[in-house]
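Each chain, written out:
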Amino acid sequence: MVSGFPSLRCEAADLVIELSSTPKPKPDVIPFGTVFTDHMLTIEWNASEGWQAPLIKPFGNLSLHPATSSLHYAIQLYEGLKAYRGDDNKLRFFRPMLNLKRMSNTAKRACLPAFDESEFLECIRRLVETDQDWVPNSDSASLYIRPTFIATEPALGLRKPGSALLYVILCQVGSYFKNKAEPLSMWADPKYTRAWKGGTGDCKMGGNYGCSLFPQYEAEEHGCQQALWLYGEDHQITEAGTMNLFLHWINEDGEEELATPPLDGIILPGVTRLSVLELTRKWGEFKVTERYLTMSQLCLALKQQRVKGMFGSGTASMICPIGHIVYQGEVRDSSRPTEDTNSLAKRLGNKLNS
């Protein structure tokens with residue numbers, strides 16, 4: 001709880017539901033994040049009265065004062081999770097409390113009010129239940145859930161907000177990338193930094209992503225799809241685009257290892273990342289570590305053909321193999337021309353989607 005805020009909770013028992021009188025048609029093919037369901041969840045907060053009653057209402061635009069502090073000072077954050085329809089036609093979330101715990105931590109960093117994670121999850125469950133017909137009956141599609149938290153203080157001047165809005169919207173999604181079957185190409189250049197020690201790299205704030213757009217388009221100018229983020233003078237590998245990164249290789253000691261950068265404040269603690277670590281440690285088939293990785297280590301391993309595969313992980317993309325990397329003007333292929341190319345990534349993807 002951030003000091004100075006009332007301890008009033010948002011209560012799912014107080015939820016009010018206003019159903020839409022004009023349901024929208026559901027398209028067959030939807031570009032990621034463009035078509036939304038019939039309803040949304042909103043919960044308002046202010047410093048004098050605390051949390052107001054949660055409201056599920058027809059999807060619609062927000063009304064914000066021109067001086068709203070989230071627009072001027074980026075006091076805002078979001079989360080992303082999914083709901084799936086199983087073979088038994090039941091709906092399931094993928095580890096939602098981990099997302100809401102991360103959202104709470106980010107809210108604290110943004111000086112936004114604390115909320116009860118369990119009560120908020122129940123409100124989200126009721127929203128998904130209301131729009132359950134939008135959850136695809138498909139192995140390759142799901143319902144994407146976007147909780148968002150913004151300061152709504154109607155005044156200029158940087159300070160702790162006295163009002164805020166917590167809301168959730170839903171949309172059908174398929175693959176995040178256009179060609180899911182093809183490994184991603186990455187552009188690695190140390191002149192751009194995604195996050196730094198003492199910053200907000202471990203928080204899911206919109207500003208972390210907006211400032212990555214310029215390098216993203218420069219990556220495309222170099223013939224790549226995403227930026228591979230480096231940090232420090234030794235060019236530590238941190239994240240792959242908007243994903244956590246994993247390297248499956250034979251390490252310097254001759255051991256088969258799955259490695260990912262540690263959570264040191266500049267890495268987002270991904271839910272899929274944690275799931276990959278837990279699964280592979282349970283399998284016990286190779287060494288699994290959280291360790292620093294540098295481009296010099298990767299380049300040497302590629303030269304010595306010790307790299308078995310690289311992949312990114314995230315809620316939107318799940319598991320996405322990485323193909324080649326452009327670094328210091330050279331193209332470095334991180335995939336192996338063998339039958340088991342990216343087999344670990346495929347195995348993990350199948351397991352997490354099952």
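Residues numbered from 1 in each chain as written. Predicted model: local features only at pLDDT ≥ 70, side-chain atom pairs only at ≥ 80, totals over all residues. Heavy atoms only, no water.

Description of the overall build of the protein chain
Okay, step 1: Each helix and strand in the protein chain was counted, giving 8 helices and 18 strands.
Okay, step 2: For a compact globule of 354 residues, the expected C-alpha radius of gyration is about 20 Å, and the protein chain comes in at 21 Å, within 12% of that figure.
Okay, step 3: Taken along the three principal axes of its C-alpha coordinates, the protein chain extends 65 × 50 × 40 Å.
Okay, step 4: Of all 354 residues assigned to the protein chain, the portion counted as buried reaches 53%.
Okay, step 5: The contacts in the protein chain between residues at least 6 apart in sequence include a share of 71% that link residues at least 24 apart.
Okay, step 6: For the protein chain, the exposed surface amounts to about 16800 Å²; the carbon and sulfur share of it is 50%.
Okay, step 7: Between the mean site of the 37 positive side-chain charges and the mean site of the 41 negative ones, the protein chain shows a separation of 2 Å. (Helix = DSSP H or I, 4+ residues; strand = E, 2+ residues; numbered from the N terminus. Rg over C-alpha atoms; globule rule 2.2 N^0.38 Å. Buried < 20%, exposed > 50% of the residue type's maximum accessible area, 1.4 Å probe, protein only. Contact = heavy atoms within 4.5 Å. Areas by Shrake-Rupley, 256 points an atom, 1.4 Å probe, with all protein chains shown as cover. Lys, Arg positive; Asp, Glu negative; His and termini not counted. Charge placed at Lys NZ, Arg CZ, Asp CG, Glu CD.)

Here's the deal with the UniProt feature "modified residue: N6-(pyridoxal phosphate)lysine" (unreviewed entry) in the protein chain
Okay, step 1: As recorded in UniProt, the feature "modified residue: N6-(pyridoxal phosphate)lysine" (unreviewed entry) lies at K204.
Okay, step 2: Residue placement: K204 occurs in the loop between β10 (184-188) and α4 (206-210).
Okay, step 3: Every residue in contact with K204, bar those within four places of it in the chain, is listed here: L77, Y78, E79, G80, R102, T106, Y209 and L268. (UniProt positions renumbered as here; feature names shortened; annotations may be inferred.)

Structural notes on the nonpolar core
Okay, step 1: Ranked by size, the top nonpolar core spans 36 residues in total, and within it L41, L112, F120 and F149 carry the most contacts.
Okay, step 2: Those elements that provide at least two residues to this core are β2 (39-46), β6 (81-85), α2 (96-109), α3 (117-130), β8 (142-151) and β9 (163-173).
Okay, step 3: For this core, the element with the highest residue contribution is α3, accounting for 6 residues.
Okay, step 4: With 24 residues, the next largest nonpolar core counts L230, L247, M295 and C320 among its residues. (Core = buried A, V, L, I, M, F, W, Y, C linked by side-chain atoms within 4.5 Å.)

Observations regarding the environment of Q132
Okay, step 1: With respect to the helices and strands, the residue Q132 is situated in the loop between α3 and β8.
Okay, step 2: The class for Q132 is partly exposed, based on a relative accessible area of 35%.
Okay, step 3: Taking C-alpha positions, Q132 is 28 Å from A114, a pair spaced 18 residues apart along the chain.
Okay, step 4: Ignoring sequence-local partners within four residues, the contact set of Q132 consists of R85 and L91.

Points about helix α5 (residues 213-221)
Okay, step 1: Listed in full, the buried residues belonging to α5 are P215, Q216, E218 and A219. Looking straight down α5, one finds that the buried residues subtend no more than 165° of arc, so they occupy a single side. Exposed side chains of α5 directed beyond 90 degrees from the buried face belong to F214 and E221.
Okay, step 2: In this structure, the buried residues of α5 make contact with β10 and β11 (226-231).
Okay, step 3: Of the residues flanking the end of α5, it is G223, one or two places downstream, whose phi is positive at about 80°. (Arc of directions from axis to C-beta.)

Some thoughts on the pattern of salt bridges
Okay, step 1: As enumerated under the stated definition, the model contains 17 salt bridges in all.
Okay, step 2: The shortest N-O distance in the salt bridge between R102 and E79 comes to 2.7 Å. Placement of R102 in helix α2 and of E79 in the loop between β5 (76-78) and β6 is noted, with a sequence separation of 23 residues between them. The two residues R102 and E79 agree in class, both being buried.
Okay, step 3: Two residues, E252 and R291, come together in a salt bridge whose shortest N-O distance is 3.1 Å. With E252 in the loop between β13 (243-250) and β14 (256-260) and R291 in the loop between β15 (287-290) and α7 (295-303), this residue pair connects regions lying 39 residues apart in the sequence. (Salt bridge = Lys/Arg side-chain N within 4 Å of Asp/Glu carboxyl O.)

Thoughts on the environment of R347
Okay, step 1: Assignment of secondary structure puts R347 in helix α8 (residues 343-353).
Okay, step 2: A relative accessible area of 34% means that R347 is categorised as partly exposed.
Okay, step 3: Separated by 178 residues in the primary sequence, R347 and I169 have C-alpha atoms spaced 31 Å apart.
Okay, step 4: Residues within four places of R347 in sequence aside, it is in contact with W283 and E285.
Okay, step 5: Of the polar contacts made by the side chain of R347, one reaches the side chain of E285; its length is 2.9 Å. (Polar contact = N/O pair within 3.5 Å; in protein donor to acceptor, adjacent residues only side chain to side chain.)

A few points about unusual backbone geometry
A negative phi angle is the norm for most residues apart from glycine, just as the trans form is the norm for most peptide bonds.
Okay, step 1: Although it is not a glycine, N89 sits at a positive phi angle of roughly 75°.
Okay, step 2: Turning to its location among the elements, N89 is positioned in the loop between β6 and β7 (91-93).
Okay, step 3: At Q305, a residue that is not glycine, the phi angle is positive and equals roughly 55°.
Okay, step 4: The exposure class of Q305 is exposed, given its relative accessible area of 68%.

Points about the side chain of N244
Okay, step 1: The residue N244 is located in strand β13 in this model.
Okay, step 2: Within the structure, the side chain of N244 is placed 3.0 Å from the backbone oxygen of L268, a separation counted as a polar contact.
Okay, step 3: A polar contact of 3.4 Å, which involves the side chain of N244, links it to the backbone nitrogen of G270.
Okay, step 4: In this view, N244 contacts E239, I267, L268, G270, R273, F311, G312 and S313; residues no more than four positions away in its chain are not counted.

Thoughts on the confidence of the model for the protein chain
Okay, step 1: The pLDDT averaged across the protein chain works out to 92; a share of 93% of its residues lies at or above 70.
Okay, step 2: Under a pLDDT of 50 for its full length, residues 1-7 has, in the predicted model, 15 contacts with residues more than four places off or in other chains. (pLDDT = per-residue confidence, 0-100.)

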